[in-house]
Amino acid sequence: MNLSKTIAVTEIINSLQLIKKNPFWLVTSAITDGLFILALGFFTGPVKEKITEHAVLISNQLSTLMAQEKTGLLKLMFGPELSPMTGKLALIMLMLFAITYLVYSAFQGTAWWMAKNITEQKTPYKEYLLGFAKINLVWIAVYILYKILNFILALRYKIIQKFSPTSPDIAGNILLILFILAIIAAYMSYPYLKIKSLFKTPFKITAQLIGLSAVIYLVTDFILTNTNKLPIDYSIKIIIGIIILMPVFTLLRVYAIRVLSHVHARN
Amino acid sequence: MEKGDWLIVIIIIVLLVIIALLTSNLDKFFPTPTVKEAVTQVVNAT
């Protein structure tokens, strides 16, 4: 197989050329990514703090109640003593997911729309953003399900470890693989706003796209990890990180749009 | 950008402002009960 003629390689070259041709969209997309990280931290920080406060209080009360020989963790949490606090905690968690969804859809939808502009496949902003938000309703539901299952399985594994400390966390690992698959499915659904894109793309193309995207990301991560070890000022490290990481995110988006255009392009 | 696109931008900005207001006033909506209040709540309930 001539590697230089595969879609994966030709499209990475095309993507780099397109990015070079559109510096305006590259910069605005990088700024959008930077703003997304800032906004997510700024908006979810206080909510996460509230969750911790309530979780600590609930666990303290649980310890007190369990010391009185009352058993059944879930039963106690939803019992008359703790149900008001558990309800509040659930509401705050729901709020965290809603905020994450809105911030993610607004900023990442915009960044993907900019990537579409770089590839010269122009879509009206309103149409693309609404489609992006609609598709993300499914992905946020998957994310919530993952978080719940992860919590239950982690708790279960801790109990198993008490009896058998060397036992492997098989269920946890399977869940992690499924979650990574969901991330791949989401990544492939964004370019043409098709939720089943992963399943409707030939495996050969999917493997090339995901393989090369993973290599690009891991190389960037390796560079950033080593930059972090350099004896330079922390703020300079942050600036270097942003300068390297944000354009890479744009490249990965443009690359996915280009590769999948061979299979799913609308026009 | 078309007229409808600007409307979406305005909606996003309004939503982000609402989220900012909500998160900065979280203590008003979800006051954290002090340990004393929490203990009283459990004692009363039991």
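Being a predicted model, the structure only gives us computed values, none of them experimental.

## Comments concerning unusual backbone geometry
All names here are of chain A.
- Positive phi, close to 65 degrees, is recorded for Glu-120, a residue that is not glycine.
- With respect to the secondary-structure elements, Glu-120 resides in the loop between α4 (83-118) and α5 (125-163).
- The backbone of Leu-193 shows a phi angle near 50 degrees, a positive value even though the residue is not glycine.
- On the secondary structure map, Leu-193 appears in the loop between α6 (170-189) and α7 (197-200).

## A short note on the interface of chain A and chain B
- Facing 29 residues of chain A, the contacting portion of chain B comprises 26 residues.
- Interface area, chain A with chain B, both sides summed: about 2,400 Å², of which 80% is carbon and sulfur.
- Together, Phe-43, Lys-50 and Tyr-125 of chain A form the three largest contributors to the area buried by chain A at its contact with chain B, with a combined 21%.
- On inspection of chain A and its partner chain B, the count reaches 1 salt bridge.
- With a shortest N-O distance of 2.5 Å, Lys-50 of chain A and Asp-27 of chain B are connected by a salt bridge.
- Where the side of chain A that touches chain B is concerned, the elements lending two or more residues are α2 (23-67), α4 and α5 of chain A.
- Among the elements that line the side of chain A that touches chain B, the one with the most residues is α4 of chain A, at 12 residues.
- Per-class residue counts for the side of chain A that touches chain B are 21 nonpolar, 2 polar and 6 charged.

## As for the environment of Lys-158 of chain A
- Within the secondary structure layout, Lys-158 of chain A lies in helix α5.
- Taking the C-alpha atoms as reference points, Lys-158 of chain A and Asp-169 of chain A, 11 residues apart in sequence, are found 9.6 Å from one another.

## Quick word on the packing of helix α1 (residues 7-21) of chain A against helix α9 (residues 234-264) of chain A
All names here are of chain A.
- Where α1 contacts α9, the two axes come as close as 9 Å, and the packing angle between them is 130 degrees. Here α1 is positioned oblique relative to α9, judged by the angle of their axes. Two packed elements cross with a definite hand, and for α1 against α9 that hand is right-handed. Of the residues in α9, those in contact with Ile-7, Ala-8, Glu-11, Ile-12, Asn-14, Ser-15, Leu-16, Leu-18 and Ile-19 of α1 are Thr-250, Leu-251, Val-254, Tyr-255, Arg-258, Val-259 and His-262.
- When the residues that make up the contact of α1 with α9 are grouped by side-chain class, the tally is 10 nonpolar, 4 polar and 2 charged.

## Remarks on the pattern of salt bridges
- A complete count under the given rule lists 5 salt bridges over all chains for this structure.
- Between Glu-53 of chain A and Lys-50 of chain A there is a salt bridge, and its shortest N-O distance comes to 3.0 Å. Remark: Lys-50 of chain A and Glu-53 of chain A occur in helix α2; sequence separation between them is 3 residues, near one turn of the helix.
- Residue class for Glu-53 of chain A comes out partly exposed when judged on its relative accessible area of 30%.
- For Lys-50 of chain A, a relative accessible area of 3% corresponds to the buried category.
- Within the structure, one salt-bridge network assembled from shared partners comprises Lys-50 and Glu-53 of chain A together with Asp-27 of chain B.

## Some thoughts on the nonpolar core
- If you look at the biggest cluster of nonpolar residues, it comprises 67 residues, and the most contacted ones within it are Val-103, Trp-112, Tyr-187, Met-188, Tyr-190 and Leu-209 of chain A.
- It is α4 of chain A that provides the largest number of residues to this core, a total of 14 residues.

## Comments concerning the confidence of the model for chain B
Residues and elements named next belong to chain B.
- With 70% of its residues at a pLDDT of at least 70, chain B reaches an overall mean of 79.
- No element of chain B has a lower mean pLDDT than helix α3 (residues 35-45), at 59, and none a higher one than helix α1 (residues 3-24), at 91.
- Interface scoring of the predicted complex returns ipTM 0.76; its pTM is 0.86.

## As for the side chain of Thr-44 of chain A
All names here are of chain A.
- Along the polypeptide, Thr-44 turns up in helix α2.
- You can call Thr-44 buried: its relative accessible area is 5%.
- Those residues in contact with Thr-44, other than ones at most four positions away along the chain, are Ala-39, Leu-96, Ile-99 and Thr-100.

## As for the packing of aromatic side chains
Residue and element names in this part refer to chain A.
- Under the criterion given, the structure shown has 15 aromatic pairs over all chains.
- Aromatic side chains Phe-36 and Phe-107 sit 6.5 Å apart centroid to centroid with 45 degrees between the ring planes, which places their arrangement in the tilted category. Taken as a pair, Phe-36 in helix α2 and Phe-107 in helix α4 lie far apart in primary sequence, 71 residues in all. For the pair shown, Phe-36 and Phe-107 are each scored as buried.

## Here we look at α6 of chain A
All names here are of chain A.
- In this model, α6 (20 residues) spans 29 Å end to end at C-alpha, consistent with the 28 Å of a helix rising 1.5 Å per residue.
- Among the residues of α6, Gly-172, Leu-175, Phe-179, Ala-182, Ile-184, Ala-185, Ala-186, Tyr-187, Met-188 and Ser-189 are the ones counted as buried.
- For α6, the secondary structure elements touched by its buried residues are α4, α5, α7, α8 (203-228) and α9.
- Of the residues that open α6, the one with a side-chain oxygen 3.2 Å from the backbone nitrogen of Gly-172 is Asp-169.

Definitions and cut-offs
- Residues numbered from 1 in each chain as written.
- Chains lettered and ligands numbered in written order.
- Predicted model: local features only at pLDDT ≥ 70, side-chain atom pairs only at ≥ 80, totals over all residues.
- Heavy atoms only, no water.
- Helix = DSSP H or I, 4+ residues; strand = E, 2+ residues; numbered from the N terminus.
- Contact = heavy atoms within 4.5 Å.
- Buried area = accessible area lost by both parts, 1.4 Å probe.
- Salt bridge = Lys/Arg side-chain N within 4 Å of Asp/Glu carboxyl O.
- Nonpolar A, V, L, I, M, F, W, Y, C, P; charged D, E, K, R; others polar.
- Axes fitted to C-alpha atoms, helices over the stretch in contact; angles between N-to-C directions.
- Parallel < 35°, antiparallel > 145°, perpendicular 65-115°, else oblique.
- Left-handed = near helix turned anticlockwise from the far one by under 90°.
- Buried < 20%, exposed > 50% of the residue type's maximum accessible area, 1.4 Å probe, protein only.
- Core = buried A, V, L, I, M, F, W, Y, C linked by side-chain atoms within 4.5 Å.
- pLDDT = per-residue confidence, 0-100.
- Phe/Tyr/Trp six-rings, centres within 6.5 Å; stacked < 30°, edge-to-face > 60°.
- Expected span 1.5 Å × (residues − 1).
- Polar contact = N/O pair within 3.5 Å; in protein donor to acceptor, adjacent residues only side chain to side chain.

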